[in-house]
Amino acid sequence: MKSVYFVGAGGIGMSAIARYFLRQGKTVAGYDKTPSKLTEALEQEGMLIHYDEDVEKIPEACRDPKETLVIYTPAIPAEHKELQFFRNGGFDIQKRAQVLGTLTREHKGLCVAGTHGKTTTSTMCAHIMHESSMDCNAFLGGISKNYGTNYILSDDSDYVVIEADEFDRSFHWLRPWMTVITSSDPDHLDIYGTKEAYLESFRHYTTLIQPGGALIIHEGLEMKANVQEGVRTYTYGTDSGDFHAENIKIERGEITFDFISPIESVRGVKLGQPVPINIDNGIGAMAMAQLNGCTADELRRGMETYAGVDRRFDFALRNDKHVVLSDYAHHPKEIYQSAKSMKQVYHDRHITAIFQPHLYTRTRDFYKDFAEALSQLDEVILCDIYPAREKPIPGVTSQLIYDNLAPGVKKQMIKKEEVLDFVHSRDFDVLIILGAGDLDNYVPEIAKIIESKE
């Protein structure tokens, strides 16, 4: 293999693998629908990218099926012209998850799965491991603020930290050495069809853990594990589990706690990103890092220096007068935890959320749950649904969430294009931009507008 071609190059997970092959000196090229900061960065690093669905634009170096690996994302439709060209030409075509699966066979895969929390937990674990004597490679689902990338490369570590994505059953390609499972609240029902099928996919995932390894599963999950003989099983949680927290202190914008472990407890852990939900995420990350040899001092140092992930409780402005942050939360349980954490940290301030729902099917399936989660906040501004890969569904709009918000919650619906004018017209105390769509692109400008009012 001399070259690698990506059909759907600009996705957060795909770009990490692209960088892996760039570092190996391969010719790396690909297609993506739209330019972005990520694709611009990849081009600067040496990747050849075009943005038209055009077979003629596939570089000559990627036209030999004997020398080219083609990697595609499930979000690309089967009728995509370039994908059809490669299929008809006899190329080796793999999903991103298949490539990651190969890496878990060649290295010790430390994987993090779950409906939510997996990006933060895997990035925390990767940071702890990379800063320790263990070191690691990592393929993450978000941009680490510590490294400015979603990818970590080690010259000699046998560990690879991977975010295990359940979408399209992608995580079934993996063969984890150890895995954390953060949550199993049903999602992606457009793929799975039923809650039972979703939970079954997680059960099957646990059968793939290699003997000698371990499962670290959050307390109270509805899914049932089914590990092979020789796989150790541990539980974790904020308040209970084999790994848990005690002596939690949240004061003056700082969070500290004691990490209680069956191996060695660690006192006085300080969160570098002081958000209450990160206690839970941190326990899962520290548990897996500790099971793979990280010392108490390395755990403590890794957690204190962890700087967060883009779009995961990502502060764009923070002072005594105004707070602006964005959060990728797009499932009702994620929204619930995000809102709960905001209320804990800013309990005496007025909190407004601008929420852009993600996917028609998810809105259809969970609109009441979204409304209940958002109703914890003082004010909710709803934008139109971000469709991503989906076609509209009759009768499914943001109005479904709007109509089910609790009495007493101040609420309004606006178009995405009206957001900046709306922010100009108001003064905010604490403002959070929620969702996995493209509203996040406005956050830097929103922060500038609000800061200009000080």
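Heads up: the structure comes first, above all this text.
So, here's what we can say about the structure. (Residues numbered from 1 in each chain as written. Predicted model: local features only at pLDDT ≥ 70, side-chain atom pairs only at ≥ 80, totals over all residues. Heavy atoms only, no water.)

1. So, the sheet that holds strand β3 (residues 48-50)
Remark on secondary structure: sheet strands pair via backbone hydrogen bonds, oriented parallel or antiparallel. The criterion, for reference: One requirement defines pairing of two strands: DSSP has to find at least two bridges between them. Labels follow the DSSP assignment, with helices taken as runs of H or I lasting at least four residues and strands as runs of E lasting at least two, numbered in each case from the N terminus. Note on method: axes are straight lines fitted to C-alpha atoms, helices fitted across the in-contact stretch only, with angles between N-to-C directions ranging 0 to 180 degrees.
Pairing is parallel in the open sheet, where five strands are placed in the order β3-β2-β1-β4-β5. Across the chains shown, the open sheet's two edge strands, defined by having one partner strand only, are β3 and β5 (92-95). Averaged over all pairs of adjacent strands, the angle between strand axes in this sheet comes to 20 degrees, irrespective of strand direction. Here five bridges tie strand β1 (residues 3-7) to strand β2 (residues 27-31), and the two strands are oriented parallel to one another.

2. Notes on the side chain of Thr 123
The line we're drawing: Two N or O atoms form a polar contact when they lie within 3.5 Å of each other; inside protein one atom must be a possible hydrogen donor and the other a possible acceptor, and for residues adjacent in sequence the pair counts only when both atoms belong to side chains.
Examined against the element boundaries, Thr 123 turns out to sit in helix α5 (residues 118-131). A distance of 2.6 Å separates the side chain of Thr 123 from the backbone oxygen of Thr 119, its partner in a polar contact.

3. Quick notes on the nonpolar core
The cut-off we apply is this: Remark: nonpolar core denotes a set of buried residues (Ala, Val, Leu, Ile, Met, Phe, Trp, Tyr, Cys) joined through side-chain atoms within 4.5 Å. Each residue's exposure class comes from its accessible area (1.4 Å probe, protein chains only) as a fraction of the maximum for that residue type: buried when under 20%, exposed when over 50%, partly exposed otherwise. We call two residues contacting when some pair of their heavy atoms lies within 4.5 Å.
One finds Phe 257 and Phe 259 to be the most contacted residues of the largest nonpolar core, which totals 42 residues. Element by element, the count of residues in this core is highest for helix α8 (residues 277-291), at eight residues. When sequence neighbours within four positions are dropped, the list of residues in contact with Phe 257 reads Ala 245, Glu 246, Asn 247, Ile 248, Val 266, Arg 267, Gly 268, Val 269, Leu 271, Ile 279, Ile 283 and Met 286. The next biggest cluster of nonpolar side chains, apart from the first, holds 40 residues, and it includes Ala 9, Leu 100, Leu 103 and Val 231.

4. A look at the state of the cysteines
Just so we agree on the cut-off: Our working definition of a disulfide is a cysteine sulfur pair at a distance within 2.5 Å.
Using the criterion set out here, one finds zero disulfides in the structure. In this structure Cys 125 is not part of a disulfide, and its nearest cysteine sulfur, from Cys 136, lies 7.1 Å away. A residue is classified by how much of its surface remains accessible, and Cys 125, at 0% relative accessible area, is buried.

5. With respect to the packing of helix α10 (residues 332-345) against helix α11 (residues 360-374)
Operational definition: An angle below 35 degrees is treated as roughly parallel, one above 145 as roughly antiparallel, one from 65 to 115 as roughly perpendicular, and anything else as oblique. Gly is put with the polar residues, along with every residue not named as nonpolar or charged; the nonpolar set is Ala, Val, Leu, Ile, Met, Phe, Trp, Tyr, Cys and Pro, and the charged set is Asp, Glu, Lys and Arg.
Running from N to C, α10 and α11 cross one another at 5 degrees; their axes reach a closest spacing of 8 Å. Classified by the interaxial angle, the pair formed by α10 and α11 is roughly parallel. Counted together, Pro 332, Ile 335, Tyr 336 and Ala 339 of α10 and Phe 366, Asp 369, Phe 370, Ala 373 and Leu 374 of α11 form the full contact between these two elements. Of the residues that constitute the contact of α10 with α11, the class distribution is eight nonpolar, no polar and one charged.

6. Some details on the side chain of Ser 201
Secondary-structure assignment places Ser 201 in helix α7 (residues 195-206). Within the local environment of Ser 201, its side chain forms a polar contact with the backbone oxygen of Tyr 198, the two atoms lying 2.8 Å apart. Leaving out residues up to four positions away in the same chain, Ser 201 has contacts with Phe 171, His 172 and Tyr 192.

7. Describing the packing of aromatic side chains
How two aromatic rings sit relative to each other is given by the distance of their centres and the angle of their planes. Where we set the bar: Pairing of aromatic side chains requires ring centres within 6.5 Å, counting the rings of Phe and Tyr and the six-membered ring of Trp. Pairs whose planes differ by under 30 degrees are stacked, by over 60 edge-to-face, and all others tilted.
Under the definition given, this model contains 16 aromatic pairs. Judged by centre distance (6.4 Å) and plane angle (90 degrees), the ring pair of Tyr 20 and Tyr 151 falls under edge-to-face. On the criterion of sequence distance, the pair formed by Tyr 20 in helix α1 (residues 12-23) and Tyr 151 in strand β8 (residues 149-152) is long-range, its members being 131 residues apart. The exposure class assigned to Tyr 20 is buried, which follows from its relative accessible area of 15%. Here Tyr 151 falls in the buried class, since its relative accessible area comes to 7%. For the ring pair Tyr 198 and Phe 202, a centre distance of 5.3 Å and an interplane angle of 55 degrees mean the geometry is tilted. Note that Tyr 198 and Phe 202 are positioned in helix α7 at a spacing of four residues, about one turn of the helix. Tyr 198 gets classed as buried once you look at its relative accessible area, which sits at 0%.

8. Considering the packing of α1 against helix α2 (residues 37-44)
The geometry of α1 relative to α2 is characterised by a closest axis approach of 11 Å and an angle of 5 degrees between their N-to-C directions. It follows from the interaxial angle that α1 and α2 lie roughly parallel. For the pair α1 and α2, the contacting residues are Ile 12, Ser 15, Ala 18 and Arg 19 in the first and Leu 38, Ala 41 and Leu 42 in the second.

9. Thoughts on α11
Note the threshold: Helix span, expected: 1.5 Å multiplied by one less than the number of residues in the helix. The reported bend at a residue is simply the angle between two axes, fitted to the 7 residues ending at it and to the 7 residues beginning with it.
For α11, built from 15 residues, the straight-helix expectation of 21 Å at 1.5 Å per residue is missed by more than 12%, its first-to-last C-alpha distance being only 18 Å. At Phe 366, α11 shows its maximal bend, which comes to roughly 75 degrees. Along α11, the residues that are buried comprise Tyr 360, Thr 361, Arg 362, Thr 363, Phe 366, Phe 370, Ala 371, Ala 373 and Leu 374. Contacts from the buried residues of α11 go to α6 (189-192), α10, β18 (351-355), β19 (379-382), α12 (399-404) and β21 (430-434).

10. Looking at unusual backbone geometry
Positive phi values are uncommon outside glycine, yet Asp 135 reaches one of about 60 degrees. Tracing the backbone through its elements, the reader meets Asp 135 in the loop between α5 and β7 (137-144). Of note, Asn 247 is a non-glycine position whose phi angle comes to about 55 degrees, a positive value. Here Asn 247 lies in strand β13 (residues 244-251).

11. Side note on the pairing of strand β10 (residues 178-181)
In β10, alternate side chains face the same way, and those of Met 178 and Val 180 on one face and Thr 179 and Ile 181 on the other are all buried. One ladder, built from four bridges, connects β10 with strand β11 (residues 214-218); its direction is parallel. Opposite Met 178, over in β11, you have Ala 214 as the bridge partner.

12. Looking at the sheet that holds strand β15 (residues 266-270)
Read across the sheet, three strands follow the order β13-β14-β15 without closing on themselves; strand pairing throughout is antiparallel. Each having just a single partner strand, β13 and β15 make up the two edges of the open sheet. For this sheet, the mean angle separating the axes of adjacent strands, direction not counted, is 20 degrees. Across three bridges, the pairing between strand β14 (residues 254-260) and β15 is antiparallel. Following the sheet pairing, Thr 256 is matched in β15 by Lys 270. Sitting on the sheet, α8 touches β13, β14 and β15, and the angle it makes with β14 is about 40 degrees.

13. So, the pairing of strand β6 (residues 108-113)
With five of its six residues buried, β6 lies for the most part within the structure. In this sheet, β10 lies alongside β6 in parallel orientation, the contact comprising four bridges. For Leu 110, the partnering residue across the bridge sits in β10 and is Met 178.

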